[in-house]
Amino acid sequence: MLLRRQRAAIQRESPLKRAVFVFALFLIAPAALAQSVGPQPLPPSPALPAPRDIAYPGVLKLAVDATDLDRRIFNVRETIPVAGAGPMTLLFPRWLPGKHWQAGELYNLAGLIITAGGQRVEWIRDPVEVGAFHVEVPAGATELVAEFQYLSPTAPDQGRIVITPEMMDVQWNNMALYPAGYFTRQIQVAASIRLPEGWSYGTALEPAQTADGVVSFKPVGFDTLVDSPMYAGRWMKKIDLDPGGRSRVTLNVMADDPDLLDITPKQLEAHRAMVAQADRLYGARHYDHYDFLFSLSDRMGGIGLEHQRSSEDGTLPRYFLDWDKLAATRDLLAHEYTHSWNGKYRRPADLWTPNFNTPMGDSLLWVYEGQTQYWGFVLAARSGLLTRQEALDAIASTAATYDNRVGRTWRQMSDTTNDPVVANRRPLPWTSWQRSEDYYSEGQLIWLDADTLIREQSKGKKSLDDFARAFFGVNDGDWSQLTYQFDAVVKTLNAVQPYDWAGFLSTRLASHGPGAPLDGLRRGGYRLIYTNTPTSYFKSAELRRKTTDLTYSLGVVLNKDGELIAVQWDGPAFKAGLTASQKIIAVNGMSFDADRLKNGIEAARGAGAPVELIIKAGERYRTVRIPWAEGLRYPRLERIEGTPDLLGDILTPRH
């Protein structure tokens with residue numbers, strides 16, 4: 001009886017008082033339940049105000065000071081208009097589009113003080129949604145002022161570095177609270193930022209004015225603000241990628257040093273061709289202007305994150321200067337640009353949410369990311385960001401990875417769409433067995449399969465290009481969101497070329513192998529083979545990751561110091577008892593060297609002696625002998641004589 005009365009009383013009170021009552025029940029519940037035979041659950045915490053699709057009264061003002069480069073601290077002052085006295089809940093964005101999981105860096109928010117009319121207003125954190133702060137707006141208040149800091153990481157083990165002495169990545173979601181109870185598109189925000197003196201910036205936001213070192217932007221919906229990050233830097237170059245085009249497309253590139261910004265005419269032509277090839281593929285634009293935010297740095301953390309009218313892209317500092325060596329970095333911009341159509345405009349229904357604290361569903365990431373991965377490489381090849389051979393070699397690497405993904409014997413690919421939530425993108429000890437976010441690149445292979453099948457079934461009259469235009473290229477000029485479900489994908493495929501597409505997709509999503517879905521390669525006129533020399537693309541991938549990749553021989557990937565960072569499940573090294581984090585000290589009696597290890601593997605080809613390694617695991621050393629008679633093995637594609645080169649046609653520029 002006591003608990004029933006308490007529950008009724010709680011529901012009548014404000015969110016702030018309800019939170020206090022729930023906390024109090026933790027203290028009094030044992031006495032109330034003294035007559036029970038065992039523990040009973042406490043009443044659930046009251047739900048947060050449900051988001052409503054109505055306009056929020058007034059415009060929030062967000063002022064950020066980003067000048068503390070030494071300590072890498074963003075100082076924030078946010079003014080939030082209120083309609084009157086009473087309970088109010090402020091939310092910190094937690095579920096972020098493009099990250100597919102609860103990735104908001106709430107742990108880096110500090111120093112939160114809320115005031116009204118100069119008087120402090122206490123907040124209480126919600127015990128369930130810890131990104132929610134309950135306050136009681138005092139009588140007569142017309143606005144709340146929230147002041148706090150976003151303490152950005154100062155070392156890589158704390159998270160991605162977003163401030164260096166030369167540049168910064170301003171992600172507004174990490175430095176803004178918003179009122180609960182509203183769709184975020186209905187909350188207007190006017191943002192401003194003070195940048196270090198002399199710095200330039202790039203963002204999809206429209207500037208309103210610049211005065212006294214502060215850049216102010218025109219008000220936008222809170223969802224648009226979060227979707228419009230800013231890059232700012234000491235050395236930045238702005239490059240027009242669509243001169244005279246229908247809407248501005250700008251490459252805002254910043255670097256650790258100014259000489260890293262030199263772009264050759266050939267490189268510029270390829271980046272401009274990427275924009276033109278995307279237009280020919282989709283036939284529509286879902287932005288009023290587009291800004292690539294591109295950092296070339298080994299000091300700020302790398303990134304690839306999509307937005308509707310921009311993308312956050314970060315790669316190796318010598319992207320332009322070492323162009324011929326870094327092919328594995330050159331599909332990044334094409335991938336993130338494709339997301340303007342696939343993922344940002346056409347968005348899976350379970351991934352679209354009314355605010356940033358509603359959990360997302362990831363069931364269709366094999367379309368969202370898988371087909372984007374496919375078009376990223378296709379557009380890179382069609383534009384010249386990748387040569388045709390580099391694109392073929394990239395596909396070979398992908399095919400080999402998933403053809404050797406032994407974890408498919410127990411886990412279907414469709415289940416990997418849950419990995420952003422399950423694993424939070426942490427490093428895994430046994431990726432080949434656990435699987436990871438395989439919906440990206442195995443999804444790419446499935447869409448290659450679909451493309452070649454459409455071409456075969458239609459006798460060359462149709463292709464996946466037709467699906468892209470019909471599915472992603474609708475409503476030219478609209479840059480809101482248009483959601484879809486599985487049936488819409490199937491329906492559009494059937495409109496392009498009648499077939500059992502529901503069965504086709506379901507079979508491949510649930511397949512346990514053996515091997516990857518490689519019918520698209522065979523139908524495209526190629527087969528996967530292995531040779532003892534790596535392709536130039538494979539070597540560029542090793543250079544980008546600073547690794548030596550021996551997955552298809554000994555079954556290991558190691559860093560420059562000989563530390564094992566991956567071991568192939570059930571491969572030769574696995575059977576010898578090796579695991580990630582162990583270190584190779586010596587090879588065949590000589591101190592470790594990557595080339596010495598490769599030579600030892602080749603020397604063991606045929607009837608050679610096993611490769612002998614001295615392994616350090618913690619404080620222990622041991623000698624292992626790994627029998628392996630097939631030498632070095634690296635993937636590449638081989639033409640199937642007498643078959644149409646459909647894959648070559650897919651990679652050919654459109655005119």
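This write-up is about the structure you can find in this document. Quick caveat, the model's predicted, so the values are computed rather than measured. (Residues numbered from 1 in each chain as written. Predicted model: local features only at pLDDT ≥ 70, side-chain atom pairs only at ≥ 80, totals over all residues. Heavy atoms only, no water.)

Both the distance between ring centres and the angle between the ring planes are used here to describe each pair of aromatic rings. With the rule as written, the count across this model stands at 40 aromatic pairs. Summarising the aromatic geometry, the rings of Tyr337 and Trp341 are spaced 5.0 Å apart at their centres and angled 80° between planes, so their arrangement reads as edge-to-face. With respect to burial, Tyr337 and Trp341 carry one shared label: buried. Aromatic side chains Phe538 and Tyr634 sit 5.2 Å apart centroid to centroid with 75° between the ring planes, which places their arrangement in the edge-to-face category. Note that Phe538 is positioned in helix 16 (residues 536-545) and Tyr634 in strand 32 (residues 634-639), a separation of 96 residues in sequence. We classify Phe538 as buried; its relative accessible area is 5%. (Phe/Tyr/Trp six-rings, centres within 6.5 Å; stacked < 30°, edge-to-face > 60°. Buried < 20%, exposed > 50% of the residue type's maximum accessible area, 1.4 Å probe, protein only. Helix = DSSP H or I, 4+ residues; strand = E, 2+ residues; numbered from the N terminus.)

Secondary-structure assignment places Asp419 in helix 9 (residues 419-423). Setting aside anything within four residues of it in sequence, one finds Asp419 in contact with Arg411, Asn424, Arg435, Ser436 and Glu437. (Contact = heavy atoms within 4.5 Å.)

Moving on, we come to the sheet that holds strand 9 (residues 167-170). Pairing is antiparallel in the open sheet, where 3 strands are placed in the order 9-16-12. Taken across any chain shown, the strands that pair with only one partner, and hence form the sheet edges, are strand 9 and strand 12 (200-203). When strand polarity is set aside, the average angle formed by the axes of neighbouring strands in this sheet is 15°. The pairing of strand 12 with strand 16 (residues 230-233) spans 4 bridges and is antiparallel. Within strand 16, the residue paired with Thr203 across the bridge is Met230. (Pairing = 2+ DSSP bridges. Axes fitted to C-alpha atoms, helices over the stretch in contact; angles between N-to-C directions.)

This part takes up the pattern of salt bridges. Scanning all chains against the criterion turns up 40 salt bridges. Between Asp476 and Arg246 there is a salt bridge, with the nearest N and O atoms lying 2.8 Å from each other. Taken as a pair, Asp476 in the loop between helix 12 (464-472) and strand 23 (482-484) and Arg246 in the loop between strand 17 (236-240) and strand 18 (249-255) lie far apart in primary sequence, 230 residues in all. Overall, the relative accessible area of 45% leaves Asp476 in the partly exposed class. Its salt-bridge partner being Asp438, residue Arg405 comes within 3.3 Å of it at the nearest N-O pair. On the criterion of sequence distance, the pair formed by Arg405 in the loop between helix 8 (388-403) and helix 9 and Asp438 in the loop between helix 10 (431-434) and helix 11 (441-457) is long-range, its members being 33 residues apart. Look at Arg405 and you get buried, because its relative accessible area is 11%. Ionic contacts of the salt-bridge type, sharing partners, join the residues Arg382, Asp451, Arg455, Asp465, Asp649 and Arg654 into one network. (Salt bridge = Lys/Arg side-chain N within 4 Å of Asp/Glu carboxyl O.)

Turning to the layout of surface pockets, a few remarks are in order. Its volume calculated, the second largest pocket comes out at about 410 Å³. Lining of the second largest pocket is provided by 31 residues; of these, Pro97, Asp223, Asp227, Arg347 and Phe356 occupy positions nearest its centre. The element that contributes the greatest number of residues to the lining of the second largest pocket is helix 3 (residues 222-226), accounting for 3 residues. A class-by-class count of the residues in the lining of the second largest pocket yields 12 nonpolar, 11 polar and 8 charged. (1 Å grid on protein atoms, 1.4 Å probe; cavity = no way out; pocket = protein on both sides within 12 Å on 5 of 7 lines; lining within 4 Å. Points joined across faces, edges and corners; volume = space filled by probe spheres on them. Nonpolar A, V, L, I, M, F, W, Y, C, P; charged D, E, K, R; others polar.)

What follows is about the sheet that holds strand 10 (residues 178-179). Spatially, 6-7-3-10 is the arrangement adopted by the 4 strands of the open sheet, whose pairing is antiparallel. In this open sheet, the two edge strands, each paired with only one partner strand, are strand 6 (123-125) and strand 10. Sheet topology note: the strand 3 (residues 86-91)/strand 7 (residues 132-137) ladder contains 6 bridges and is antiparallel. Across the sheet, Leu91 pairs through a bridge with Ala132, a residue of strand 7.

Following both chains from N to C, one finds helix 13 (residues 486-496) and helix 14 (residues 501-510) inclined at 125°, their axes separated by 9 Å at the closest point. Our classification of the angle between helix 13 and helix 14 gives oblique. Residue-level inspection shows Phe486, Val489, Val490, Leu493 and Asn494 of helix 13 in contact with helix 14, the latter providing Trp501, Ala502, Leu505 and Ser506. Grouping the amino acids of the contact of helix 13 with helix 14 by side-chain chemistry returns 7 nonpolar, 2 polar and no charged. (Parallel < 35°, antiparallel > 145°, perpendicular 65-115°, else oblique.)

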